[in-house]
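Overview (structure and organization)
What follows is each chain in one-letter form.
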Amino acid sequence: MHIQYKEKIRQLKAEKNAVILAHYYQTPDIQDVADFVGDSLELSRKAAETNASMIVFAGVYFMAETAKILNPDKKVLVPDLQAGCSLADGCPPDSFAAFKAQHPNHKVVTYINCSAEIKTMSDYVCTSSNAVKVIQSIPVEQPIIFAPDKNLGRYLMQVTGRKMVLWEGSCVVHEAFSLNKLIALYQKYPQAEIIAHPESETSILKVAHFIGSTSALITYVKNSPNSSFIVATEHGILHRMQQEVPHKILIPAPSKEDNSCACSECAFMKVNTLKKLYECLLHESPEVSLSDEVARLARVPIEQMLQNT
């Protein structure tokens, strides 16, 4: 059935001049049929550069919003509108506007994992790939609000030495890792390097040998002379990572929960399926829509981010 869907998707893609963008956290079958697989920054670049008439974004909703902001005249589709994000959902625009008002004279730096409305209130947008560079580009005397990820914010404060006011948001996936289980796993595989995404809790980052964005983690594993790694980010990354390093051993970091794979998976990312991707292309629905005003205001910090990376 998957082979059948994949062939139908390829046919529809050609007929409709569509491009499929997929995040590393999507299921392997979706990654394999996508034109481009990447992290938020890479996919934002691809969305800005594409000549396709239609964009199908297999990721979570805020990513598809970003593609629409960068391509206001193109149809942007998502396989499932319920593919949300705990970071974006945990930062409601009304609440954030009130929070921002409590801190006048602060510049707002938002992680790309937020809604289009939050981006309209932002002076800067960043991803985990370029967050350090963005923070370092702001004059040291300028106070900063960082939202919505408190774990990434704390990591950035440590790396840059900047004090920032943090919104109390977090990623359910990256807060799900168990430090005790991770240490036990490392004792079992002492030759492995622990690599972690900066959205993880501070306790996890303290024991990591390398910290980086999804793309940086893949690059590190490719270039490292080490042959085994414990990977503390969403389990979906292992598919592309293993393709890049078929001879290396990749072990998912253990979750606090007792689940089927003993790893941390994003339920939002896994809402998308190959069947939904096919039906989305076939019916050209669900479609992402934004008001002209929200798209116009949100586009400013996003384009600034793309120009400075």
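Pairing in this open sheet of four strands is parallel, and the strands run S6-S5-S7-S8 from one edge to the other. This sheet does not close on itself; its edge strands, each paired only once, are strand S6 (124-126) and strand S8 (164-166). For this sheet the average axis-to-axis angle between neighbouring strands, irrespective of direction, equals 25°. Relative to S8, strand S7 (residues 144-147) is paired through three bridges, and the arrangement is parallel. Of the residues in S8, the one forming a bridge with Phe146 is Leu166. Against the sheet, helix H6 (residues 93-101) contacts strand S5 (107-111), S7 and S8, and its axis sits at roughly 160° relative to S7.

Take the side chain of Lys16 next. Within the secondary structure, Lys16 is located in helix H1 (residues 2-16). When sequence neighbours within four positions are dropped, the list of residues in contact with Lys16 reads Ser53, Met54, Leu281, Leu282 and Glu284.

A sheet is described by the order of its strands in space; here four strands give the open sequence S2-S1-S3-S4, paired in parallel fashion. The sheet terminates laterally at strand S2 (36-38) and strand S4 (75-77), the two strands that pair on one side only. Here the average twist between neighbouring strands, direction ignored, is 20°. Alignment of strand S3 (residues 54-58) against S4, held across three bridges, turns out to be parallel. From the neighbouring strand, Ile55 faces S4, where its bridge partner is Val76.

What counts and what doesn't
Residues numbered from 1 in each chain as written. Predicted model: local features only at pLDDT ≥ 70, side-chain atom pairs only at ≥ 80, totals over all residues. Heavy atoms only, no water. Pairing = 2+ DSSP bridges. Helix = DSSP H or I, 4+ residues; strand = E, 2+ residues; numbered from the N terminus. Axes fitted to C-alpha atoms, helices over the stretch in contact; angles between N-to-C directions. Contact = heavy atoms within 4.5 Å.

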